[in-house]
Amino acid sequence: MGIENYLNQNFHAVKSKHSSDEVLQKWRSLCHVVKNPKRRFRHTANLHNRNEAAAMRRTNQEKLRIAVLVSKAAFQFIQGKFLNGDYEVPDEVKEAGFDVCADEAAAVVEGHDLKKLKFHGGVEGLAGKLRTSTTSGLSIDNEGLARRQRLYGINKFAESPQRSFWVFVWEALHDMTLMILAMCATVSLVVGIATEGWPKGAHDGLGIVASILLVVFVTATSDYRQSLQFRDLDKEKKKISIQVTRSGYRQKLSIYELLVGDIVHLSIGDQVPADGLFISGFAVSIDESSLTGESEPVMVSAENPWLMSGTKVQDGSCKMLVTTVGMQTQWGKLMATLSEGGDDETPLQVKLNGVATVIGKIGLFFAVVTFAVLVQQLVFSKISTGTQWSWSADEALELLEYFAIAVTIVVVAVPEGLPLAVTLSLAFAMKKMMNDKALVRHLAACETMGSATTICSDKTGTLTTNKMTVVKSCICLNIMDVSKQGNPEVNGSALKILLQSIFTNTGGEVVNNKEGKREILGTPTEAAILEYGLSLGGDFQSERQSSTMLRVEPFNSSKKRMGVVLKLPDGGVRAHCKGASEIILAACDKVLNADGEVVDLKEGSLNHLKSTIELFASEALRTLCLAYIDLDKTIEGPDFRDKSLEELDEIVPKIQVMARSSPLDKHTLVKHLRTTFGEVVAVTGDGTNDAPALHEADIGLAMGIAGTEVAKESADVIILDDNFSTIVTVAKWGRSVYVNIQKFVQFQLTVNIVALMVNFTSACLTGSTPLTAVQLLWVNMIMDTLGALALATEPPNNALMKRTPVGRHGNFISNVMWRNIFGQSLYQFIIIWLLQTEGKKFYGLHGDNSDLILNTLIFNSFVFCQLFNEVNSREMEKLNVFNGILKNNVFVVVLSATVVFQVIIIEFLGTFARTSPLTMRQWYYSVLTGFMSMPIAVILKMIPV
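Cut-offs applied
Residues numbered from 1 in each chain as written. Predicted model: local features only at pLDDT ≥ 70, side-chain atom pairs only at ≥ 80, totals over all residues. Heavy atoms only, no water. Helix = DSSP H or I, 4+ residues; strand = E, 2+ residues; numbered from the N terminus. Expected span 1.5 Å × (residues − 1). Buried < 20%, exposed > 50% of the residue type's maximum accessible area, 1.4 Å probe, protein only. Arc of directions from axis to C-beta. Contact = heavy atoms within 4.5 Å. pLDDT = per-residue confidence, 0-100. Phe/Tyr/Trp six-rings, centres within 6.5 Å; stacked < 30°, edge-to-face > 60°. Lys NZ or Arg CZ within 6 Å of the ring centre and 35° of its normal. Axes fitted to C-alpha atoms, helices over the stretch in contact; angles between N-to-C directions. Left-handed = near helix turned anticlockwise from the far one by under 90°. Nonpolar A, V, L, I, M, F, W, Y, C, P; charged D, E, K, R; others polar. Parallel < 35°, antiparallel > 145°, perpendicular 65-115°, else oblique. Pairing = 2+ DSSP bridges. Core = buried A, V, L, I, M, F, W, Y, C linked by side-chain atoms within 4.5 Å.

Caption draft 1: Molecular detail of helix α24 (residues 603-618). Here α24 is 16 residues long and its end C-alpha atoms lie 22 Å apart, about the 22 Å a rise of 1.5 Å per residue gives. For α24, the full list of buried residues reads L609, T612, I613 and F616. An end-on view of α24 places all buried positions within 100° of arc, on one side of the element. Those residues of α24 that are exposed and aimed more than 90 degrees away from the buried face are E603, G604, E614 and S618. Each element contacted by the buried residues of α24 is listed here: β10 (472-475), β11 (478-481), α23 (581-586) and β17 (590-592). Just beyond α24, the residue with positive phi is A620, at close to 65°.

Caption draft 2: Spotlight on unusual backbone geometry. The backbone phi angle of R131 is positive, close to 55°, even though this residue is not glycine. If you trace the backbone, R131 turns up in the loop between α8 (122-129) and α9 (142-152). Judged by relative accessible area, which is 40%, R131 ranks as partly exposed. In this model, S247 sits at a positive phi of 50°, which is unusual for a non-glycine residue. Position of S247 among the secondary structure elements: in the loop between β1 (241-246) and β2 (249-254). For S247, a relative accessible area of 41% puts it in the partly exposed group.

Caption draft 3: The arrangement of the side chain of K578 in detail. On the secondary structure map, K578 appears in strand β16 (residues 573-580). Taking relative accessible area as the criterion, K578 reaches 5% and is therefore assigned buried. Ignoring anything within four residues of it in the chain, the contact list for K578 reads N505, T506, E526, I529, R561, M562, I584, C625 and L626.

Caption draft 4: Molecular detail of the confidence of the model for the chain. Put simply, the chain has an average pLDDT of 81, and 89% of its residues get 70 or more. Here residues 75-84 is a poorly scored stretch, pLDDT under 50, and it has twelve contacts once near neighbours within four places are set aside; other chains count.

Caption draft 5: How the structure looks around the packing of aromatic side chains. On inspection of all chains with the given rule, the structure shows 19 aromatic pairs. Ring geometry for F165 versus F217: centroids 6.2 Å apart, planes at 40°, classification tilted. With F165 in helix α10 (residues 165-172) and F217 in helix α12 (residues 203-237), this residue pair connects regions lying 52 residues apart in the sequence. What makes F217 partly exposed here is its relative accessible area of 32%. Ring geometry for F168 against Y224: centres 5.8 Å apart, planes inclined by 65°, an arrangement best described as edge-to-face. Of this pair, F168 sits in helix α10 while Y224 sits in helix α12, placing them 56 residues apart in sequence. The exposure class assigned to Y224 is partly exposed, which follows from its relative accessible area of 24%. Above the plane of the ring of F119 lies K129, whose end atom (NZ or CZ) is 5.2 Å from the centre. The residue whose ring lies beneath R921 is F842, and the NZ or CZ to ring-centre distance is 5.8 Å.

Caption draft 6: Here's a closer look at the packing of helix α29 (residues 724-766) against helix α31 (residues 815-843). Viewed as axis vectors pointing N to C, α29 and α31 meet at an angle of 35°, and their least axial separation amounts to 9 Å. For the crossing formed where α29 meets α31, the hand is right-handed. Seen from α29, the contacting residues are Q742, V745, Q746, L749, T750, I753, V754, M757, V758, T761, S762 and L765; seen from α31, they are M817, W818, N820, I821, F822, Q824, S825, Q828, F829, I832, W833 and Q836. Residues of the contact of α29 with α31, tallied by class, amount to 14 nonpolar, ten polar and no charged.

Caption draft 7: Inspection of the packing of helix α32 (residues 850-872) against helix α35 (residues 920-931) at higher detail. At their nearest, the axes of α32 and α35 sit 7 Å apart, and the two run at 40° to each other. Taken together, the axes of α32 and α35 lie oblique to each other. Considering how the two elements wind past one another, α32 and α35 form a crossing that is right-handed. Where α32 approaches α35, its residues I853, L857, N860, S861, F864, C865 and F868 are matched on the opposing element by Q922, W923, S926, V927, T929, G930 and F931. Classifying every residue of the contact of α32 with α35 gives eight nonpolar, six polar and no charged.

Caption draft 8: Looking closely at the sheet that holds strand β20 (residues 681-685). Taking strand neighbours across the sheet as the criterion, the five strands line up as β8-β22-β21-β20-β9 in an open arrangement whose pairing is mixed. In this open sheet, the two edge strands, each paired with only one partner strand, are β8 (438-440) and β9 (454-456). Going from strand to strand, the sheet's axes swing by 20° on average, the running direction of each strand aside. Strand direction decides the pairing type here: β20 and strand β21 (residues 699-703), joined by four bridges, are parallel. Among the inter-strand pairings, T684 is bridged to a residue of β21, identified as L701. Packed onto the sheet, helix α26 (residues 663-675) meets β9 and β20 and runs at close to 165° relative to β20.

Caption draft 9: Representation of the nonpolar core within the structure. Among the nonpolar cores identified, the biggest contains 137 residues, and L181, M449, V717, I741 and V745 are the most heavily contacted of them. Among all residues touching L181, those that are not within four sequence positions of it are I208, I212, A404, V407, T408, V411 and L777. Membership of the second largest hydrophobic core comes to 45 residues, among which are L151, V244, V272 and F278.

Caption draft 10: Geometry of the pairing of strand β7 (residues 312-324). Across the 13 residues of β7, ten count as buried, placing the element largely inside the fold. As judged from the ten bridges shared by strand β4 (residues 275-287) and β7, these two strands associate in the antiparallel manner. Within β7, the residue paired with L277 across the bridge is L321.

Caption draft 11: Layout of helix α15 (residues 347-385). In a regular helix each residue adds 1.5 Å, so 39 residues correspond to 57 Å; α15 covers 57 Å between its end C-alpha atoms and thus fits that length. The first or second residue beyond α15 is G386, which carries a positive phi of 75°.

Here it is, written out as structure tokens:
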């Protein structure tokens, strides 16, 4: 269709992710016919604010970067200013039992001030002054908690206040057409009262005013409820958990519960939750780009102990002492200066803005022509009677009524509700998905998921339960089925080395919890190995204390291994390595035999070990190899694999499973699926290494439990329960959003076309319009706000997953929709035209009141046509439109409320709405006229397209 081509040419450049400001600006400049920009563009990115914020951020980043550099340089030349004891503890701090105030603790980290840190006794000394321990953390009762919070603050950032309901009322009043109608109503009131007196002369004007107020308050209520949903979702997005040691126990806390003096455990992929100081750790590399703009990672150690809020752990792990929280941190200060730019608009919002613009232009043309025809007929009738130079107040009011009708045609014709219906549907879906354990971080993700053609998923933690145990082992060349035969008997010296490897070369820990029970902390793989070590009779704490760690190489997916270098009690140095079996085995040239002796790894033993690895892997077991070497020099990582573009083009479509994939492999696969093959790609991930693929995908899904903060920040949706079935739920809701918007568009375009054609043809042929301004405003509310509420909030059903995904290039307004739109429009137009020409005869109407009763019947029949067509729109292709209707409470309530209000308008508000009470027979035929659209819909759905 021509409209689809126009939309694709002008409104198709906006992507679900990473659209440029130029592209976002371009489509808005094409939207000329906009009744209320405040509403239409409310949920689109504020480019001006965003650019201002970006410039401000760059300025602040530069200031911070310079401040840090200057302070580092300056303090090299200052001779012991703070060593002389210049700092005095404020009285209120002393009374509370502390020896350092919040400002002083903050200044140490903010200025990267080694002199101040040294003055306070280093990290240990500062911890003492903050009344905490670097080993057991805070020991807190409720009184101590309140005291600490009062002095040092809480770890929350200032939020913009929730906009009140009246702000939304004010924005709804900014509708240009409503403003013009309000002016018409004012003139009508003045002229009417002057000529006919009160209250008779005020009826028309008050009718329009009441309709405007009803539209405004219903619109504002819908918008306000939507804003509350988004606010709730924003709160969920900011919920981050961290590992903290308090009272000697390691526990998970929300970052909002974090206090100055807390000991936080950070590992690769975590976001630093507050400003603080490095206590201990290994190979810690921090990405400070969000704060300083510097892309190069910073190595953090005892010599450079500064950890800043908002930065991310790129590699390694450490313990951190919290010195500053909330708005006093550098991140808090930076956030306070930034204005929110908003999410990018979604492709569907943009497309429907395009639809609204196209139809708006058509509607504006018809409104102008209708007004011109009505005025011309009035003028001609006056010329024919020779009264063209004398105009009465009634005729002036008639002209005003024509103008009001023309404006109201624009109100009905410009489907402002289309792009807003997308937002309503997305907000509803996001809220429901939250209940289904999926947190959507970006509006567009919800929509894009409905078009997903490919899902690339991690296995561990997504397809499986993410809980592991050791079930088979091969120790000293002997294979054992641990799950059936129990633990193997291992030679004493070999067992000692095995336990040393298990308990020292690990990212996990064995601790006692508050109840005094043993608890294993760490990833599922680490937990399984530690549990196995304990079952072999090992002791985690004594093993860790018996040797000194010289170096730790944390696991990352590019190396596919981790390592630790130990200084042994006898003075020797030993390196332990653990990782992907084939990589570790390839690096070995010796093996422990059945007697626990170190012997050369000959071809027979090598083949035995390789076949064992293959055997374990073929049983869907995750295989790991543990190795060690006594040495005097650190280890090189493996090379990355490389494929040519031609090879990739050939193999990518055939790949179903890619084992032991590196971050680069994942990114390459996703990029090829998206670009070369045009797929809409969803990607799941949990580790920091998954971030590039999550970012590259059309929709990135991060695991909420196992996922790192870096992965979550790169994702569009967070799967809170780490369950693959939740991903299916997200896909189902995504498709539901897409289909619901299609239903609403089909419903609204039908109303648009009929309302336009009825008023235009009536004006041209009879010199009057059957639908008044007040009636058109009511119809507009039925199809706009109430229609969106009813159709855009339909819950998904399982049948949605049996449909073919729309993909990247599917038409939004499909041929099926055009068939239904034109079919229903034709039926409604014929019915109303027959009522206009034959209605009086059919109903036996006579006398002065006959025109009013006929127009009331036309209005009533038209409204019931829309109500039954709303039910028809629940299914675009299936015949049974009632399936699951009672499960959608919103739909039932909206439909019922519309019927009730229609009865009230007809029977009791005739003076204002220009209607007349109807007989039971007239009501029966009005409802029957509307109901007939249902068998018409069945016939239409049988027409193949």
